[in-house]
Amino acid sequence: MVYDPRPQRYDSLPYRRAGRSGLRLPAISLGLWHNFGGVDRHETARAMVRTAFDAGITHFDLANNYGPPPGSAELTFGRLLRDDLAPFRDELVISSKAGYGMWPGPYGDWGSRKYLIASCDASLKRMGLDYVDVFYHHRPDPETPLEETMGALDHIVRSGRALYAAVSNYPAARLREAAAILRGLGTPAVLNQPSYSMFNRWLEPDGLLDALRDEGVGGIVFSPLAQGLLSNKYLSGIPADSRAASATGFLKADQVTPERTAQVQALGEIAAARGQTLAQLALAWVLRHPEITSALIGASRPEQITDAAAALNAGPLTDEELVQIEAILTPDAG
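The structure presented is a predicted model; accordingly, all values stated were derived computationally and were not measured. (Residues numbered from 1 in each chain as written. Predicted model: local features only at pLDDT ≥ 70, side-chain atom pairs only at ≥ 80, totals over all residues. Heavy atoms only, no water.)

Chemist: Mind laying out the environment of Ser300, listing which residues take part and the relevant values?
Modeler: Note that Ser300 resides in the loop between strand 10 (292-297) and helix 10 (302-309). Look at Ser300 and you get partly exposed, because its relative accessible area is 33%. Counting along the chain gives 264 residues from Ser300 to Phe36, while the straight-line C-alpha distance between them is 8.9 Å. Ignoring sequence-local partners within four residues, the contact set of Ser300 consists of Asn35, Thr44 and Met48. (Helix = DSSP H or I, 4+ residues; strand = E, 2+ residues; numbered from the N terminus. Buried < 20%, exposed > 50% of the residue type's maximum accessible area, 1.4 Å probe, protein only. Contact = heavy atoms within 4.5 Å.)

Chemist: Describe in detail the packing of aromatic side chains, supporting the description with residues and values.
Modeler: For any pair of aromatic rings, the description rests on two quantities: the centre-to-centre distance and the angle between the ring planes. Counted according to the given criterion, the structure contains eight aromatic pairs. Measuring from ring centre to ring centre gives 6.1 Å for Tyr10 and Tyr15, while their planes differ by 50°; the resulting arrangement is tilted. Classification of Tyr15 by relative accessible area gives partly exposed; the value is 22%. Summarising the aromatic geometry, the rings of Trp33 and Phe222 are spaced 6.1 Å apart at their centres and angled 85° between planes, so their arrangement reads as edge-to-face. Here Trp33, found in the loop between strand 3 (28-31) and helix 1 (42-54), pairs with Phe222, found in the loop between strand 9 (218-221) and helix 8 (258-273); they are 189 residues apart in sequence, far enough to count as distant. Taken together, the aromatic side chains of Tyr3, Phe53 and Phe88 make up a single cluster linked through ring pairs. Lys97 extends its terminal NZ or CZ atom over the ring of Tyr136, reaching a point 5.4 Å from the ring centre. It is Arg139 that lies over the ring of Trp110; its NZ or CZ is 3.6 Å from the centre. (Phe/Tyr/Trp six-rings, centres within 6.5 Å; stacked < 30°, edge-to-face > 60°. Lys NZ or Arg CZ within 6 Å of the ring centre and 35° of its normal.)

Given below as structure tokens:
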């Protein structure tokens, strides 16, 4: 059956500008880090991508090493593009990255010009694309000169392989350096992709929000649900089908402590009082910052995407609610 997307898909989800660029992203974006690899069920991946686009989620975030095995998420997405989304390519923002280990030897990791350009070419081939909308350096490289890495991103944009340059996992000081170099080259950085959630707040004391604002770069946060911990799934402990119960997931069972469970339950009460799920509350919380353009969600089934797309429907968090949340997250602060 030919895919016919929902006509009203742009009616409810807000779109936010990425820093000072002309690019706008949906407040909720779909990441293909998990559940889109070669080991996963293709029809589930297809249902999730269709559900996302029907909800107005136009941004799909990938990287060269997403899978498993590495590269297979891009192959999956390329197949979905061919089967369903090709007629809507101009409505999509597709991003990919390079910076983690992808192939053996000295040229398949970190941030050299050789690695980034070769990896971008390989990603385009896997997805069957002429260009990606955004190409990221996936993590800072402590050994390659930043001028070389940013020069590679500039070349990738100028050669037509990508429309925009971006970075990921860059702390404030490094972001300021990278943004200055790219601005000088005439290819400004549009996004930085850090981890951020109620349980992972490193970017606040780091000063990253200030850096994003000062440099005109949008923030797009990953793991805003703390690998699913900030969801109704963990309100009563560890379900058998959860990431914490999986041998391959990033969330480990020893992270689901009694203290964490108590916090999750207390946050769940605030969410219920707002008429939200806990996941929706967690997404609204990270999106409260004007510097944050979008929150990247992962999903294992379509219903999670539908839930996330409604995260802002309850309205902004009030000052009183923010105080209540802070008291739960930092009970010893007083």
